[in-house]
Structures are given as structure tokens and as C-alpha cells.
Amino acid sequence: MSALANHAFAKMNGIGNEIVVVDLRDSKAAVTPEDARAVASPAGVPYDQLMVLQPPRLQGTEAFIRIYNNDGSEAGACGNGMRCVVRRLFEQTGQTAVTFETRAGLLNCWQGPAPDLYTVDMGAPKFDWQDIPLAEEFRDTRYIELQVGPIDAPVLHSPSVVSMGNPHAIFWVDDVNAHDLERFGPLLENHPIFPERANITLAHIVDRDHITIRTWERGAGLTKACGSAACATAVAAARLKRANRSVEITLPGGKLAIEWRERDDHVLMTGTADFEYEDRFDPALFANVA
Ligand SMILES: N[C@@H](CCC[C@H](N)C(=O)O)C(=O)O
């Protein structure tokens, strides 16, 4: 029987990024990719990311968090999901700062500058081609050779690539809504240059303090928001000297404040998190899960 059958969950969203939070800290059971896909089935609870809190493995951490995309794959980072987890925990315990462990490392989170804001320290970005990872060597990952469309008139080309605990490619465009991301997203996500696939973002730099983005998420498709993509975009734009290290990012679902902190290279993401409802998973969802 699945660990999730009849288990409580909270449906939340981080500026429109659909998140389900499950607290398994009192259990030794683990969630499988099949479980994650069953939850995302039409009869289940449609989501972009499923955030599963497991018992802490390290002293000083609140939980080990596993992050599933709705195709059952696992992600190392999910900024919007982290804010949802943090809001839930703060409301339950009265805490105002916590540390979690994820597959991407330790993440510190705290109450933001207003009561409805939550800040997540997303750690330091990585730029080395092997860390992203890319399938072949690129010495300079500020732009890599990759394009969509005719060779002499590409529709999208020369993305910046960054790892924020998960792989991101950012294509710089004049209008994020002028491109068929639903068509190009899956092609680019699964391009052989990305051996672990990638999150694909279209980004328009409005001015040095403001960038607009739209993201096709690895393992989840088109979303209203992707927090790690916002961080990756901010960092990539600052690296190109086209934006300041503190910027506001506008996503289809809302806004995030991103700061690439000079003193330790860490990226701080601040935004809201919304609670929608709580319920228990219908055991019938997992009837065909081994
Ligand atoms: N929505 C997330 C990122 C989710 C993970 C991504 N799809 C991946 O597999 O890398 C965010 O808010 O950061």
C-alpha cells in the first residue's frame, strides 16, 4: 500500500506554481515515482511539484525534503514549493526561520520583510558546464550554442545556462509571449545537450531592475511560475552585466524579488505562498501502484 493512501496533504501555490505538500516526518515510508504520478492523475490532485517532508537526516534541519515533478521525476530545488512548505510550518509552529535539507543541499528560509512574504536562500549558482550539466564542454556558459528554427534565422538561440540545484537554460527575447513555448519547451527540455534535461525559460530584460519570464519546467511543463528559473535568470542577467544583482522578476502568476548576494554568492528569493485547502488522498488513486 502506498505511503500516501489516506494521508493528509495541503494544496498550496507559490504565485500560481501548483504545489502539494505532504508531511511524512513521522513515517519511515518513502514516496515512489509511481505514487507521484498517481497523485497527478486526473482523478487526483493536479500539481506541478509535490513536496514531501521526510524525517531530518542532519542535526539542525527540520526535514529532508524530496521534490517530485508531476511526471514522477525528482528535482533538487523548487523555490516556490519551499515557500509553501515554509508558510505551512511557520503557521503550525510559530517559527520564523528554519533550515531544510534537499537533494541540492541545505536551504535556509525565513519570514520575509512583510507578514505574507517568505525568503528562501537558494544557495550559490553553478556555471561550470559539468555542474549544469551539459553533454559537452562549453568554457563560457553565459551563452551557449543552441538554437531553434532555421540555421540562418533562428527563432530562439544562444541561451545562458545555470544550475540552481537544477538545470536551467534562459533564452533572451524581446517578448516572452511571442514564442510558442508549449511547442519549443519539450524539444529544448529533452535536447541531447542536457543529459539531465533542463528547465527552459524565455526572459525579457525590461530594465536593470526588472525582468519578465515564462518557463517550461522540466518534468512539469508550462507553469505559471518557477522560482528557481527566476533565480537562474536574475543571476544570468547580472553575469552578462545587463541587470543589477537585485531585481524584480515578473512571472505569469506574480512577482518575485531576487537578490544575488555579493558576500557569499547566495541567491535569495522572496515572495508569497498561498494556502488553498487540505484533504486526504483517496486510497483508490494508488490501487494500481505496486
Ligand atoms: N517550480 C520549481 C522548480 C521545479 C523543479 C523543476 N521542474 C526541475 O525538475 O528542475 C521552482 O519554483 O523552483
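Residues numbered from 1 in each chain as written. Predicted model: local features only at pLDDT ≥ 70, side-chain atom pairs only at ≥ 80, totals over all residues. Heavy atoms only, no water.

- Under an unreviewed UniProt entry, the name given to the protein is Diaminopimelate epimerase, and the organism recorded is Bradyrhizobium australiense.
- A UniProt comment under Subcellular location (unreviewed entry) is attached to the protein, and it reads "Cytoplasm".
- Of the comments in the UniProt record for the protein, the one headed Subunit (unreviewed entry) reads "Homodimer." (UniProt positions renumbered as here; feature names shortened; annotations may be inferred.)

### Description of the UniProt feature "active site" (unreviewed entry) in the protein
And step 1. According to UniProt, the "active site" (unreviewed entry) feature falls on C78 and C226. For the annotated residues, spread through 149 residues, the largest C-alpha to C-alpha distance comes to 7.6 Å, consistent with a single compact locus. Lining the largest cavity, from this annotated set, are C78 and C226.
And step 2. Here C78 lies in the loop between β5 (74-75) and α2 (79-93).
And step 3. Leaving out residues up to four positions away in the same chain, C78 has contacts with N17, I19, Q49, M51 and I67.
And step 4. Note that C226 resides in the loop between β15 (221-223) and α4 (227-239).
And step 5. When near neighbours in sequence (up to four residues on either side) are disregarded, C226 contacts N17, N80, H168, I213, T215, E217 and L251. (1 Å grid on protein atoms, 1.4 Å probe; cavity = no way out; pocket = protein on both sides within 12 Å on 5 of 7 lines; lining within 4 Å. Helix = DSSP H or I, 4+ residues; strand = E, 2+ residues; numbered from the N terminus. Contact = heavy atoms within 4.5 Å.)

### A look at the environment of K28
And step 1. Structurally, the position occupied by K28 is in the loop between β2 (17-23) and α1 (33-39).
And step 2. Along the chain, K28 and S163 lie 135 residues apart, while their C-alpha atoms are 31 Å from each other.

### Here's the deal with the site of the ligand
And step 1. Surrounding the ligand, one finds 15 residues, the nearest of these being N17, E217, R218, G227 and S228.
And step 2. N69 places a polar side-chain atom, nitrogen or oxygen, 2.8 Å from an oxygen atom of the ligand.
And step 3. Contact between the ligand and N199: an oxygen atom at 2.9 Å from a side-chain N or O atom of the residue.
And step 4. Considered on its own, the ligand offers 360 Å² of accessible surface; in the complex 100% of this is hidden by protein.
And step 5. Of all the cavities here, the one that holds the ligand is the largest cavity.
And step 6. Elements supplying a minimum of two residues to the shell around the ligand: α2 and α4.
And step 7. Counted by class, the shell around the ligand contains four nonpolar, nine polar and two charged residues.
And step 8. Both domains that meet at the shell around the ligand, namely domain 1 (7-121 + 273-286) and domain 2 (129-265), each give it at least three residues. (Near = heavy atom within 4 Å. Polar contact = N/O pair within 3.5 Å; in protein donor to acceptor, adjacent residues only side chain to side chain. Areas by Shrake-Rupley, 256 points an atom, 1.4 Å probe, with all protein chains shown as cover. Sits in = over half its atoms within 2 Å of the grid points. Nonpolar A, V, L, I, M, F, W, Y, C, P; charged D, E, K, R; others polar. Domains from an automatic or database assignment.)

### Comments concerning the domain arrangement of the protein
And step 1. Domain boundaries assigned for the protein yield domain 1 (7-121 + 273-286) and domain 2 (129-265).
And step 2. Once you take the C-alpha centre of each, domain 1 and domain 2 turn out to be 24 Å apart.
And step 3. Contact residues are listed per partner, giving 19 residues for domain 1 and 20 residues for domain 2.
And step 4. Summed over both partners, the interface of domain 1 with domain 2 buries about 1,200 Å², with 43% contributed by carbon and sulfur atoms.
And step 5. Two residues, D71 and R197, come together in a salt bridge whose shortest N-O distance is 3.2 Å.
And step 6. At the boundary of domain 1 with domain 2, the tally comes to nine residue pairs in polar contact (both at pLDDT 80 or more).
And step 7. Those elements that provide at least two residues to the side of domain 1 that touches domain 2 are β5 and α2.
And step 8. Among the elements that take part in the side of domain 1 that touches domain 2, α2 stands out by supplying three residues, more than any other.
And step 9. For the side of domain 1 that touches domain 2, the residue count by class is four nonpolar, ten polar and five charged. (Buried area = accessible area lost by both parts, 1.4 Å probe. Salt bridge = Lys/Arg side-chain N within 4 Å of Asp/Glu carboxyl O.)

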